[in-house]
There are 2 protein chains.
Amino acid sequence: MLIKGIIQYAHHLLEESVTEGEVVIDATCGNGNDTLFLSHLVGNTGRVIGFDIQKEAIEATGDLLKKHHRTNMTLVHDSHAHMYKYVSSQSTIGGAIFNLGYLPRSDKKIITQPESTIEAIDKILPILKAKGMVVLVVYHGHEGGKDEKQELLRYIMQLDQKNYSVLRYGFINQKNNPPFILAVQKK
Amino acid sequence: MLIKGIIQYAHHLLEESVTEGEVVIDATCGNGNDTLFLSHLVGNTGRVIGFDIQKEAIEATGDLLKKHHRTNMTLVHDSHAHMYKYVSSQSTIGGAIFNLGYLPRSDKKIITQPESTIEAIDKILPILKAKGMVVLVVYHGHEGGKDEKQELLRYIMQLDQKNYSVLRYGFINQKNNPPFILAVQKK
């Protein structure tokens, strides 16, 4: 077998930790691929709550899921930093995924911001189930990507190892700042 | 499931890439755990060639494998940098593992050296089978460990992505310089 690629490994981690019937979060819907993936993972008794600050992303995601006859999602046109408005602090979350960077084939100036990313992670971790994971796919080749990466790493590296494992997974001999994964698992 | 720990993931990569009957290399026998693991993986029709510069490591490994009634190994009391003396350049290698650092519960001054590690990897890569892996578990908390890590990273990051994938896998919120994995897979 080939070592799993970044997206494949991100999905693998979620497959291994999310179970049917759970509520999960796609913090950055983008083109909807992860939302669709999560929708299948949690099944009809579960729910995906998807966020995106770009209207076109929410629409594209809605279209993609409709095409696949999926209805177990709530798509929110707002920043994941405002998650607390849509996800009760009494809920239990089965897992979450973030694609950090910009929406492919879109305006490269609209990028995720480290503050809002960190705020969203901070909101999810307390309600994440034990052994649940927050998976971050970090694209950092664009303008501002390096700063976001550094700030995020600083935040994530100080998560207490008593409560969380933080894995970094990435290919280090590729050109053009390839994306890598940060996965936070609650103990 | 929990995210795989370092040793567990190193073994997982070898399990997924090594098949029965192959010749594989344990470049640093240490206490023999990896040699034993590889001996089972390749089965009675395969062979493990194990290296260590410390006589006590070769003896401990011999004892451990004997205890488990394993006989499909050749243990060499020499540096893995001299691998070419024991492994023909005409062979095909199914995979290899290195534990870089020092032998646990032993003299911390006897450590692996970046030059010999790199020389050994350089010898293995040309005879590694397609999709085969060289898995390096990098312990770097000891004196000299940081230099070895840097030199090794420099070497490994310049491996051409057309021919090799180089994965880095490690936990980044742990204290005391935890080990990490570098895995080189031939394309």
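Reading the values: the criteria
Residues numbered from 1 in each chain as written. Chains lettered and ligands numbered in written order. Predicted model: local features only at pLDDT ≥ 70, side-chain atom pairs only at ≥ 80, totals over all residues. Helix = DSSP H or I, 4+ residues; strand = E, 2+ residues; numbered from the N terminus. Rg over C-alpha atoms; globule rule 2.2 N^0.38 Å. Buried ≥ 20, exposed ≤ 12 C-beta atoms within 10 Å, placed from the backbone. Least-squares fit on C-alpha atoms with pLDDT ≥ 70 in both. Contact = placed C-beta atoms within 7 Å. Nonpolar A, V, L, I, M, F, W, Y, C, P; charged D, E, K, R; others polar. Pairing = 2+ DSSP bridges. pLDDT = per-residue confidence, 0-100. Right-handed = clockwise from strand over helix to strand, strands pointing away. Arc of directions from axis to C-beta.

1. Quick notes on the overall build of chain A
Helix and strand counts for chain A stand at five helices and seven strands. In summary, chain A has a C-alpha radius of gyration of 15 Å against a globular reference of 16 Å for 187 residues, a match within 12%. Across its three principal directions, the C-alpha atoms of chain A cover 40 × 40 × 40 Å. Burial status across chain A gives 47% buried among its 187 residues.

2. As for the relation of the copies chain B and chain A
Once turned by 180 degrees and shifted 0.0 Å along the axis, chain B lies on chain A with an RMSD of 0.0 Å. Look at the turn and shift together and you get a two-fold axis relating the two. Within chain B, B:Tyr169 has its C-alpha nearest the rotation axis, a separation of 2.4 Å. Interface residue correspondence from chain B to chain A reaches 100%, placing this contact among same-surface, isologous pairings.

3. Observations regarding the interface of chain B and chain A
Each side of the interface is counted separately: chain B has 24 residues, and chain A has 24 residues. Breaking the side of chain B that touches chain A down by element, the ones donating at least two residues are helix 1 (6-17), helix 5 (145-157), strand 6 (164-171) and strand 7 (180-186) of chain B. Counting residues per element, the side of chain B that touches chain A draws most heavily on strand 6 of chain B, at eight residues. Here the residues of the side of chain B that touches chain A sort into 13 nonpolar, seven polar and four charged. Inspection of the sheet shows strand 6 (residues 164-171) of chain A paired to strand 6 of chain B by five bridges, in the antiparallel sense.

4. Re the confidence of the model for chain A
Across chain A, pLDDT averages 94, with 96% of residues at or above 70. Interface scoring of the predicted complex returns ipTM 0.94; its pTM is 0.95.

5. Looking at the pairing of strand 1 (residues 23-26) of chain A
All names here are of chain A. The two faces of strand 1 match: Val23 and Ile25 on one face and Val24 and Asp26 on the other face are all buried. Looking at chain direction, strand 1 and strand 4 (residues 93-100) are connected through four bridges and run parallel. The residue of strand 4 that forms the bridge with Val23 is Ile93. Across four bridges, strand 1 lies against strand 2 (residues 47-51) in parallel orientation. Residue pairing for strand 2: Val23 is matched across the bridge by Arg47. With helix 2 (residues 33-42) bridging strand 1 and its parallel neighbour strand 2, the resulting β-α-β unit is right-handed.

6. Here we look at the environment of B:Leu136
Residue and element names in this part refer to chain B. Relative to the helices and strands, Leu136 resides in strand 5 (residues 128-138). On a C-alpha basis, the gap between Leu136 and Ile181 in space is 5.6 Å, while along the polypeptide they are 45 residues apart. Setting aside its immediate chain neighbours within four residues, Leu136 contacts Phe98, Leu100, Ile181 and Leu182.

7. Quick look at helix 4 (residues 114-124) of chain B
Residue and element names in this part refer to chain B. Residues of helix 4 that are buried include every one of Thr117, Ala120, Ile121, Lys123 and Ile124, and no others. All buried residues of helix 4 project into a common sector of 160 degrees when viewed along the axis, lining one side. More than 90 degrees from the buried face of helix 4, the exposed residues found are Glu115 and Asp122. Residues of helix 4 that are buried make contact with strand 1 (23-26), strand 4 (93-100), strand 5 and helix 5.

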